[in-house]
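Residue strings, one per chain:
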Amino acid sequence: MSKNVTIVLALGVGVALGVAVGGRLMNPAEAQAPPTSFSAVPGAIGAQDISGPYDVQQGWPKNLTTLPGHDKWTYGGARGIFAESPNRVFLLGGGELPAMPRPQARLLTDVGPNVQFPIAGFPWRNANTASPPGAGGSRQDPAQGMNLWRGARAPFRELGVDARWHHSIIVVDAQGNFIEDWTQWDNKFKRPHAVYISPYDAQKHVWIVDDHTHAIYKFTNDGKQLVQTIGTPDVPGADGTHFNRPTFMAWLPDGTFYVADGYNGTRVAKFDANGKFLLDFGKPGDPGKETRPEYMNNVHGVAVDVETRRVFVNDRDNNRIQIFDENGKYLSEWKINVRTSRLHFVQIGDDRKLVTFDRNTHKMLKYDLEGRLIYAWGTLGDFPGTLWGVHGMSTDQEGNFYVAEVDAGRFQKFRPRAGANPATLIGKPVYSAWR
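Residues numbered from 1 in each chain as written. Predicted model: local features only at pLDDT ≥ 70, side-chain atom pairs only at ≥ 80, totals over all residues. Heavy atoms only, no water.

At the junction of Pro132 and Pro133, the peptide bond is cis and its omega measures out at -5° in the coordinates. The topology assignment puts Pro133 in the loop between helix H3 (127-130) and helix H4 (145-150). Note the cis peptide between Ala154 and Pro155, where omega equals 0°. Backbone geometry at His214 places phi at a positive 60°, although glycine is not the residue there. For His214, the position within the fold is in the loop between strand S11 (206-210) and strand S12 (215-219). Taking the relative accessible area as the measure of exposure, His214 reaches 4% and is therefore buried. Backbone geometry places Arg352, a non-glycine residue, at a positive phi of 60°. Position of Arg352 among the secondary structure elements: in the loop between strand S24 (347-348) and strand S25 (354-358). Under the relative-accessibility criterion, Arg352 is labelled partly exposed at 29%. (Helix = DSSP H or I, 4+ residues; strand = E, 2+ residues; numbered from the N terminus. Buried < 20%, exposed > 50% of the residue type's maximum accessible area, 1.4 Å probe, protein only.)

Let us now look at empty space enclosed by the protein. Taken as a whole and assessed by the stated rule, the structure comprises 3 cavities of 30 Å³ or more. Put simply, the largest cavity is a space of about 590 Å³. If you go around the largest cavity, you meet 37 residues; those closest to its centre are Phe82, Tyr196, Gln347, Ile348 and Pro429. Looking at the lining of the largest cavity, the elements that each hand over two or more residues are strand S4 (73-85), strand S10 (192-196), strand S14 (246-251), strand S20 (299-305), S24 and strand S28 (390-395). Among the residues forming the lining of the largest cavity, the class breakdown is 27 nonpolar, 7 polar and 3 charged. (1 Å grid on protein atoms, 1.4 Å probe; cavity = no way out; pocket = protein on both sides within 12 Å on 5 of 7 lines; lining within 4 Å. Points joined across faces, edges and corners; volume = space filled by probe spheres on them. Nonpolar A, V, L, I, M, F, W, Y, C, P; charged D, E, K, R; others polar.)

A few words on the sheet that holds S14. Read from one edge to the other, the open sheet built from 4 strands follows the order S14-S15-S16-S17, with strand pairing classed as antiparallel. Single-partner strands in this sheet number two, and they are S14 and strand S17 (277-281). Here the average twist between neighbouring strands, direction ignored, is 20°. (Pairing = 2+ DSSP bridges. Axes fitted to C-alpha atoms, helices over the stretch in contact; angles between N-to-C directions.)

This part covers the pattern of salt bridges. Side chains bearing opposite charge may pair, as long as their charged atoms lie close to each other. Evaluated as defined, the whole model comprises 27 salt bridges. Put simply, Asp49 and Arg417 hold a salt bridge, and the shortest N to O gap is 3.0 Å. Taken together, the residues span a long stretch of sequence, with Asp49 in the loop between helix H2 (28-31) and strand S3 (54-56) and Arg417 in the segment after strand S30 (410-416) at a distance of 368 residues. Residues Asp49 and Arg417 agree in their burial class; the two are buried. Asp317 is paired through a salt bridge with Arg139; the nearest N and O atoms lie 3.0 Å apart. Taken together, the residues span a long stretch of sequence, with Asp317 in the loop between strand S21 (310-315) and strand S22 (320-324) and Arg139 in the loop between H3 and H4 at a distance of 178 residues. Classification of Asp317 as buried rests on a relative accessible area of 8%. (Salt bridge = Lys/Arg side-chain N within 4 Å of Asp/Glu carboxyl O.)

If you want it as structure tokens, here you go:
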């Protein structure tokens with residue numbers, strides 16, 4: 001038998017009996033099976049996973065324009081969010097901006113040929129830069145915040161016209177209705193950055209981190225009383241009684257907590273359950289270039305793995321996560337392999353997975369604690385379910401997921417999709433003293 005005939009017979013047998021894959025024969029039915037689905041909902045037809053394993057709850061929360069006297073005002077930069085329960089969610093914002101319809105697209109002939117604004121489907125107003133104060137970036141001086149916001153040349157921005165400082169803290173229910181108004185504390189803040197309730201505090205005190213006053217404020221759960229201030233308001237520093245633009249917090253099960261300090265600071269500070277300073281760690285680094293352990297720039301996030309008590313620090317300007325033991329001993333790190341990344345926070349839920357958001361790629365990112373990517377989702381746009389500048393996030397007891405988008409100037413609520421792969425969902429919060 002000729003060589004060519006042998007090859008033809010072999011191919012015929014392969015078609016009749018199956019196709020060899022990975023050292024085994026696959027029968028014809030297997031050979032025609034659909035490929036593995038990469039959707040967050042396995043087998044979903046026509047999926048794009050724009051909002052990953054979630055569906056957005058449209059119309060949540062209600063717009064500020066629905067409040068009496070607010071028909072001309074809407075949310076400014078949305079900086080923080082915390083879900084005490086599905087029916088009590090704290091929204092932390094940067095004042096209010098004029099409620100304006102999306103502009104009609106027009107050619108900007110004074111800029112260049114064929115330059116058009118706004119681009120279809122893209123956001124058109126950056127609520128973060130439009131909201132007071134300025135000096136929001138790394139190593140900027142909060143004392144110049146309002147001057148920078150007003151601008152360097154006429155026409156200057158004016159409070160009451162281009163923005164107003166109102167409604168820093170709002171509480172809404174599961175349908176997005178306004179149920180509490182904490183405007184009595186508006187004048188306490190300059191740039192409120194994050195809001196929390198410790199999972200180990202049975203009294204459920206509410207904590208507000210304000211980076212421009214260099215302080216952290218602890219309120220009763222109903223917001224009627226300020227019970228503690230940590231840091232010296234309006235005085236920057238780097239010791240047991242001073243911060244330099246703190247950003248985020250994280251707790252250990254014994255109630256001790258860590259403060260990421262911060263936009264201008266280069267350290268993490270640790271306090272006991274009563275707010276007594278214990279220690280700090282971190283050294284000033286070379287922004288954007290640092291590779292040495294313990295050196296940091298823009299400490300923009302901190303999270304704790306309660307099982308190992310390891311502390312994960314977002315060394316944002318150096319594109320890495322540094323990992324320490326509970327007393328600040330350097331253990332390891334992992335780089336974010338996007339140049340340049342701009343991580344906004346780090347959080348670890350009850351599934352012991354780390355979640356963050358990259359402001360440059362507009363994606364929610366879920367990693368294991370060794371830095372291996374598990375799932376990512378997110379698309380830049382101005383329609384519900386897209387993401388632009390997620391600066392704060394939270395989950396509730398039912399697995400609903402909430403975001404505060406500082407650039408978009410909005411808050412969003414997402415519900416898990418039916419049949420979603422649990423590995424793609426963001427973990428629920430760790431609870432101990434309350435649920």
